[in-house]
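Observations on the model geometry
Residues per chain are reported as follows:
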Amino acid sequence: MYVVTVATGNVGRALVRTLDDAALPVTAVARRITGADVPEGVRAVAADLAEPAGLGPAFDAAEALFLLVAGEDPHAILDAAKTAGIRRVVLLSSQGVGTRPDAYGHPARFERAVRESGLDWTVLRSGGMATNAFAWAGSVRAGREAEAPFGEVGLPFVDPDDVAAVAAAALRGEGHTGATYTLTGPAATTPRERAAAIGAALGEPVRFTEQTREEAHARMSAFMPLPVVEGTLAILGEPTEEERRVSPDVERVLGRAPGTFAGWARRNAAAFR
């Protein structure tokens, strides 16, 4: 049995589908989830990582756990996993833990807890995800417009389906224990280029407007903690050489190149129509 936490998220949903397509038993866990949210035959359990004492039923009879950085007590989550008999954990963390540790203390705590847990572990440090572009869905649908800061700064955004595929490989296979993988796409793209790719997928141009840093800060502060806002804007506006670099890890694990942003946009064009 494989447990996927935050199973209704962009990576979790793809990972549940990937494991189920391989005819593997899956328990999908999220705070609000029902059988209607998962493929037929997948076990759905409502549970909250912020309440580790209630995770026992979700972890029952499982061997491996896909864990997101959620909740405040990673040690309690991992203790519940060990009590249930789980032997392997794959943690989805952030590239920022390695490049900007002062701004990414929360995922760094989860990484430390996983490494100290006594379980077999693999850490996935994801770069920015293509699904961040869903923030434009409303404005693209309404007026074929997209706004973002730092319109000419390129970063190698990763397709969440590739993150899920790497997670599935780490959960299932040997050779990944003790590994930390950095996951990126195959090439850097700028916000302006990503807006154009969505336009190409729609067959209509999408007009891009560059926000000021101050405008972006105000917008992001409405739904993100201040340190995360500052760290995110620093990456988007003044990325380090490492943050700009394309990582070989997706191809190393999967034996194929990672998917492009344009490919992601074509698959998800319906969200922007």
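Presented here is an overview of the structure given in this document. Note that the structure is a prediction, hence the values are computed from the model and not measured.

Glancing now at the packing of aromatic side chains. This structure, assessed with the given rule, holds 5 aromatic pairs. Ring geometry for Phe-134 versus Trp-264: centroids 5.1 Å apart, planes at 55°, classification tilted. Here the residue Phe-134 occupies a position in the loop between strand E6 (120-126) and helix H6 (137-143), and Trp-264 occupies one in helix H13 (residues 261-267), the gap between them amounting to 130 residues. Overall, the relative accessible area of 28% leaves Phe-134 in the partly exposed class. Judged by its relative accessible area of 2%, Trp-264 is buried. An aromatic cluster is defined as three or more aromatic residues linked by ring pairs; in this entry it consists of Phe-134, Phe-261, Trp-264 and Phe-272. The positively charged end of Arg-194 is found above the aromatic ring belonging to Phe-157, 3.8 Å away from the centroid.

Turning our attention to the packing of helix H9 (residues 213-221) against helix H10 (residues 226-237). Contact geometry for H9 and H10: axes closest at 10 Å, N-to-C directions at 140°. Both H9 and H10 take part in a crossing whose hand is right-handed. Judged by residue contacts, Arg-213, Ala-216, His-217, Met-220 and Ser-221 of H9 engage Leu-226, Val-229, Glu-230, Thr-232, Leu-233 and Ala-234 from H10. By residue class, the composition of the contact of H9 with H10 is 6 nonpolar, 3 polar and 2 charged.

Side-chain pairing between opposite charges can occur once the charged atoms of the two side chains come close. Taken as a whole and assessed by the stated rule, the structure comprises 18 salt bridges. One salt bridge connects Lys-82 with Asp-79, and the closest N-O pair in it is separated by 3.8 Å. Placement of the pair is Lys-82 and Asp-79 together in helix H3 (residues 74-84), with a separation of 3 residues, close to one helical turn. Note on Lys-82: relative accessible area 36%, which makes it partly exposed. On the basis of relative accessible area, Asp-79 is assigned to the partly exposed category, the value being 43%. Between Arg-207 and Glu-145 there is a salt bridge, and its shortest N-O distance comes to 2.1 Å. In this pair, Arg-207 sits in strand E9 (residues 207-211) while Glu-145 sits in strand E7 (residues 145-149), placing the two residues 62 residues apart along the sequence.

Here is what the cut-offs are and how they apply
- Residues numbered from 1 in each chain as written.
- Predicted model: local features only at pLDDT ≥ 70, side-chain atom pairs only at ≥ 80, totals over all residues.
- Heavy atoms only, no water.
- Phe/Tyr/Trp six-rings, centres within 6.5 Å; stacked < 30°, edge-to-face > 60°.
- Helix = DSSP H or I, 4+ residues; strand = E, 2+ residues; numbered from the N terminus.
- Buried < 20%, exposed > 50% of the residue type's maximum accessible area, 1.4 Å probe, protein only.
- Lys NZ or Arg CZ within 6 Å of the ring centre and 35° of its normal.
- Axes fitted to C-alpha atoms, helices over the stretch in contact; angles between N-to-C directions.
- Left-handed = near helix turned anticlockwise from the far one by under 90°.
- Contact = heavy atoms within 4.5 Å.
- Nonpolar A, V, L, I, M, F, W, Y, C, P; charged D, E, K, R; others polar.
- Salt bridge = Lys/Arg side-chain N within 4 Å of Asp/Glu carboxyl O.

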